[in-house]
Amino acid sequence: MSFMPIILWSDALVFLLLAAGAFSAWYIRQREHLSLPWRRVAKSRMAMVSLLVLSLFMLVGLLDTLHFRPALPSANGGDKVYSPEVLSVFDKLAGPLRTHTEKTYSAPFALTLYAKEGVMDAQGHIVRDYPRLQYGGAHLTDASQRDGDVAARGLAGGAAGLLAGILLAMLARRWTSQRALLVAVLLAAPLIGAVANLATAYHVLGTDKVGQDVLYLSLKSIRTGLIIGTVTTLVTLPLALFLGVAAGYFRGWVDDVIQYVYTVLSSIPSVLLIAAAVLMMQVTIDMHPQWFDTTAARADLRLVFLCLILGVTSWTGLCRLLRGETLKLREMEYIQAAQSFGVSSLRILARHIMPNVMHIVLISLVMDFSALVLAEAVLSYVGVGVDPTMISFGTMINAARLEMGREPMVWWALASAFGFMLVLVLAANLFADAVRDAFDPRLNRTEGAA
Amino acid sequence: MIAYLIRRILYAVPILVGVNLLTFALFFVVNTPDDMARMQLGIKRVTPEAIEKWKQQHGYDKPLLVNSSASGTGKVTDTIFWRKSASMFVFDFGFADDGRNISREIATRMGPSLAIALPTFLIGLVVYVSFALLMTLFRATALDAAGVALCVLLMSVSGLFYIIGGQFLVSKLWHLVPISGYAGGMDGIKFVVLPIVIGVAGSIGSSSRWYRTIFLEEIGKDYVRTARAKGLSELRVLFTHVLKNAMIPILTGVVVVIPLLFMGSLLTESFFGIPGLGSYTIDAINAQDFSIVRAMVFLGSVLYIAGLILTDVSYTVVDPRVRLQ
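Cut-off values and rules
- Residues numbered from 1 in each chain as written.
- Chains lettered and ligands numbered in written order.
- Predicted model: local features only at pLDDT ≥ 70, side-chain atom pairs only at ≥ 80, totals over all residues.
- Heavy atoms only, no water.
- Patch = residues over 30% accessible without salt bridge, like charges linked within 9 Å, V, L, I, M, F, W, Y side chains within 5 Å.
- Areas by Shrake-Rupley, 256 points an atom, 1.4 Å probe, with all protein chains shown as cover.
- Salt bridge = Lys/Arg side-chain N within 4 Å of Asp/Glu carboxyl O.
- Helix = DSSP H or I, 4+ residues; strand = E, 2+ residues; numbered from the N terminus.
- Buried < 20%, exposed > 50% of the residue type's maximum accessible area, 1.4 Å probe, protein only.
- Contact = heavy atoms within 4.5 Å.
- Buried area = accessible area lost by both parts, 1.4 Å probe.
- Polar contact = N/O pair within 3.5 Å; in protein donor to acceptor, adjacent residues only side chain to side chain.
- Nonpolar A, V, L, I, M, F, W, Y, C, P; charged D, E, K, R; others polar.
- Pairing = 2+ DSSP bridges.
- Core = buried A, V, L, I, M, F, W, Y, C linked by side-chain atoms within 4.5 Å.
- Phe/Tyr/Trp six-rings, centres within 6.5 Å; stacked < 30°, edge-to-face > 60°.

Draft legend 1. A look at a nonpolar patch on the surface. Where nonpolar side chains cluster on the molecular surface, the patch consists of Trp253, Val257, Tyr260 and Val261 of chain A together with Met1, Ile2, Ile6, Leu10, Val13, Val17, Leu21 and Phe89 of chain B and spans about 1,100 Å² of accessible area. Among the elements of the structure, helix H9 (252-267) of chain A together with helix H1 (2-29) of chain B are those that each provide at least two residues to the nonpolar patch. Per element, the largest residue contribution to the nonpolar patch is 6 residues, and it comes from H1 of chain B. Judged by relative accessible area, which is 34%, Phe89 of chain B ranks as partly exposed.

Structure follows, in structure tokens:
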């Protein structure tokens with residue numbers, strides 16, 4: 001099957017981030033003093049387990065970032081026509097999840113829809129009953145077989161996952177001797193195996209109002225959350241780093257101007273500033289429909305803009321921290337020595353100041369990540385988040401919110417969105433704590449042990 | 001003190017001018033009033049006459065910065081900037097798209113917002129500080145570790161979950177209080193209890209952990225060791241020495257939000273149907289009523305700057321060494 005690869009704006013930014021990440025990893029590995037704190041992170045059980053969870057999320061997010069447009073079967077061998085729908089490698093892998101849409105709500109593992117409808121029975125009469133699902137458990141002839149089938153499929157998938165997990169753990173033992181990590185691998189692998197195997201035949205987390213599989217929606221939301229959490233740093237980092245360090249080092253009018261700018265920005269309550277900027281962006285996007293050839297491209301640009309806006313509103317805190325630290329550093333003897341040797345300001349900043357504030361930058365970035373993931377949900381609820389057509393935790397919660405009022409209640413979409421978000425944010429928080437502990441110079445530790 | 005206050009208030013003026021210019025640029029330069037009119041009237045098939053009419057009705061038919069057709073001071077005052085942006089300095093916010101006076105609307109909606117936000121703030125402060133003191137008292141034990149773990153777990157839960165979960169549990173399952181609504185006076189109590197409890201519970205994780213860090217930082221200092229060496233009990237040390245000395249970092253984070261309580265909380269108010277400023281803002285965002293959003297941005301920054309000044313004043317109250325000149 002032929003296809004046309006598509007690189008959306010957010011994809012390009014993710015690739016840029018990956019390249020930057022790979023480069024810094026290589027750079028750090030070369031230098032003993034830089035890799036020391038990371039080895040402390042690697043020693044922490046909590047950090048490694050949460051890193052495992054985070055990498056699983058990241059894997060889903062990355063697969064979901066490789067976009068393409070499949071070719072449509074063209075009549076009489078004319079020019080290739082590509083579908084207007086932008087798919088990702090993840091969509092391809094999760095094929096049945098994406099295409100198996102039911103008519104409307106159905107509970108997890110259900111065989112029937114959640115509401116009664118008029119259906120034709122064997123005698124040709126129309127009776128009110130729960131209609132069978134089109135895909136969920138469609139291979140079963142009788143409802144009583146379900147529990148046994150679920151157990152069998154779950155066990156089979158779990159066993160396959162366990163096997164893969166054992167192989168992986170044996171492989172991983174070459175690099176790490178951490179037992180907690182190996183146990184986590186052995187726990188996660190069967191779970192993933194079981195869910196994957198069950199998902200081919202059932203809707204493991206049910207379906208939503210238009211019949212879409214909730215598990216699929218939750219997995220798709222991961223990319224949106226990760227992008228908000230990471231791409232935003234592309235904006236915050238340069239702004240905060242250059243302005244903060246410049247304000248602290250040059251002082252005088254440079255300091256005054258930069259302080260003025262960040263006081264103005266931070267004096268506006270951030271939700272309001274974001275709301276105002278997003279409203280304006282919405283007008284611009286709506287006024288220029290010709291910019292986008294697919295709806296995915298439009299939703300994507302809005303996501304990138306949202307990251308930009310979040311970045312512009314959230315760099316002030318880090319900037320203030322860096323300014324304070326630089327004010328302290330510039331009075332140090334080694335900086336004064338460099339100055340008296342006639343080293344240029346730019347060189348002092350790059351060689352002496354920047355490396356010494358990097359731990360603050362790193363700590364603040366990992367701490368911000370989880371806050372940004374949570375903020376996305378709130379902003380989407382308020383109506384100033386991602387595009388309503390983009391699948392995200394916020395749009396899922398927003399759509400599912402009204403279902404709480406239904407009788408009987410539809411709880412699974414909300415529960416899945418909150419559950420996935422909790423796991424992601426918790427892992428990020430724990431990892432951030434470990435990073436902070438490892439990098440914070442204020443914490444006393446015996447360096448000889450490391 | 002008075003001289004200091006006057007100077008601080010004067011310092012606030014350039015910042016507010018900056019905020020004003022920023023919102024002006026955001027709302028009138030990035031998108032022209034024509035774009036806004038088209039947005040409100042529907043993008044397609046809108047006649048230039050209809051746009052002109054909409055602009056005239058809402059007072060957007062003037063030049064942005066300089067009106068060359070007017071004479072005298074009218075060159076400056078008969079413009080969108082003067083009428084819509086500069087007028088906010090005297091708290092004249094003009095009219096919303098539905099024709100209501102925004103200033104009057106803000107005045108009536110402050111009450112309900114405060115009825116939720118003030119108790120949430122006060123109860124929250126007491127709860128967080130006590131929880132943090134408890135963890136500090138049992139520091140480096142399993143109890144402290146469990147407390148921190150609980151905090152991390154609680155702060156990883158989305159704020160939306162607390163509201164939706166709380167509404168479901170308390171109102172729908174147990175039928176203790178109405179799901180949403182608001183009433184003035186004593187009748188209102190049943191409406192505000194749940195939002196307050198949820199508001200307090202929502203940030204117990206992050207706040208308690210933050211206070212714990214502050215207390216732990218204090219507890220390593222010399223005066224604490226001296227106090228213990230004099231034979232004071234650990235409780236005495238915590239409450240009379242550590243708590244008092246931790247006041248400065250606590251006030252730094254706390255006092256600044258007090259004026260912002262007037263603005264209410266966007267989420268809580270919209271979920272519980274409280275007619276405060278938070279739900280006013282949300283409704284304005286959904287209806288794309290830019291004049292209300294503009295007014296709230298300006299009001300928010302005024303209150304924030306007031307909070308900063310208040311923070312400085314509060315230092316003098318808790319720490320006699322701080323003198324404002």
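Now that the structure has been shown, the text picks up again.
Draft legend 2. Inspection of the environment of Met186 of chain B at higher detail. With respect to the helices and strands, the residue Met186 of chain B is situated in the loop between helix H8 (159-173) and helix H9 (189-202). Look at Met186 of chain B and you get exposed, because its relative accessible area is 68%.

Draft legend 3. Summary view of the interface of chain B and chain A. Contacts between the two partners involve 46 residues from chain B and, on the opposite side, 47 residues from chain A. For chain B, the biggest contributors to the area lost against chain A are Ser156, Ile164 and Ile285 of chain B; these three give 13% of the whole. Our count for the chain B to chain A interface comes out at 1 salt bridge. Where chain B meets chain A, there are 5 residue pairs in polar contact (both at pLDDT 80 or more). Of all the elements in the fold, those that place two or more residues in the side of chain B that touches chain A are H1, helix H2 (33-41), helix H7 (142-155), H8, helix H10 (204-219), helix H14 (266-272), helix H15 (277-286) and helix H16 (290-318) of chain B. In terms of residue class, the side of chain B that touches chain A is built from 31 nonpolar, 10 polar and 5 charged.

Draft legend 4. Highlighting the pairing of strand E5 (residues 117-120) of chain A. All names here are of chain A. Where E5 and strand E6 (residues 126-129) come together, 4 bridges link them in antiparallel fashion. Counterpart to Gly118 in the pairing with E6 is Arg128. Between E5 and E6, which pair antiparallel and follow one another directly, the connecting turn spans 5 residues, one of which, Gly124, has a positive phi of 90°.

Draft legend 5. Examining the nonpolar core more closely. Core analysis: the biggest nonpolar cluster contains 198 residues, and Ile397 of chain A together with Tyr211 and Phe215 of chain B have the highest contact counts within it. The element contributing the most residues to this core is helix H13 (residues 345-382) of chain A, with 18 residues. When residues no more than four places from it in sequence are discounted, the contact partners of Tyr211 of chain B are Leu125, Tyr128, Val129, Ala132, Ile250 and Val254 of chain B. Formed by 5 residues, the second largest nonpolar core is a distinct cluster that contains Met135, Val148, Cys151 and Val152 of chain B.

Draft legend 6. Structural detail: unusual backbone geometry. All names here are of chain B. In this structure, Ala140 is a non-glycine residue whose phi angle is positive, near 60°. Relative accessible area serves as the criterion here: at 80%, Ala140 is assigned to the exposed category. Here the phi dihedral of Gln288 falls at roughly 50°; this positive angle occurs in a residue that is not glycine. Within the fold, Gln288 resides in the loop between H15 and H16.

Draft legend 7. Focus on the pattern of salt bridges. In total, this model carries 22 salt bridges over all chains according to the counting rule given. A salt bridge links Arg228 of chain B to Glu234 of chain B; its shortest N-O distance comes to 3.0 Å. By relative accessible area, Arg228 of chain B is classed as partly exposed at 32%. Where Arg321 of chain B meets Asp319 of chain B, a salt bridge forms, and the shortest distance between an N and an O atom there is 3.1 Å. Taking the relative accessible area as the measure of exposure, Arg321 of chain B reaches 67% and is therefore exposed. Each of Asp433, Arg436 and Asp437 of chain A together with Arg209 of chain B takes part in salt bridges that share partners, so that together they form one network.

Draft legend 8. Fine view of the packing of aromatic side chains. Residue and element names in this part refer to chain A. Under the definition given, this model contains 12 aromatic pairs over all chains. A ring pair is formed by Phe23 and Tyr27, whose centres lie 6.0 Å apart and whose planes are at 35°; its orientation type is tilted. Within this pair, Phe23 and its partner Tyr27 are both found in helix H1 (residues 9-30), separated by 4 residues, close to a single helical turn. Given a relative accessible area of 49%, Phe23 falls into the partly exposed group.

Draft legend 9. Layout of the side chain of Ser301 of chain B. With respect to the helices and strands, the residue Ser301 of chain B is situated in helix H16. When sequence neighbours within four positions are dropped, the list of residues in contact with Ser301 of chain B reads Ser267, Ile268 and Pro269 of chain A together with Leu16 and Val19 of chain B.

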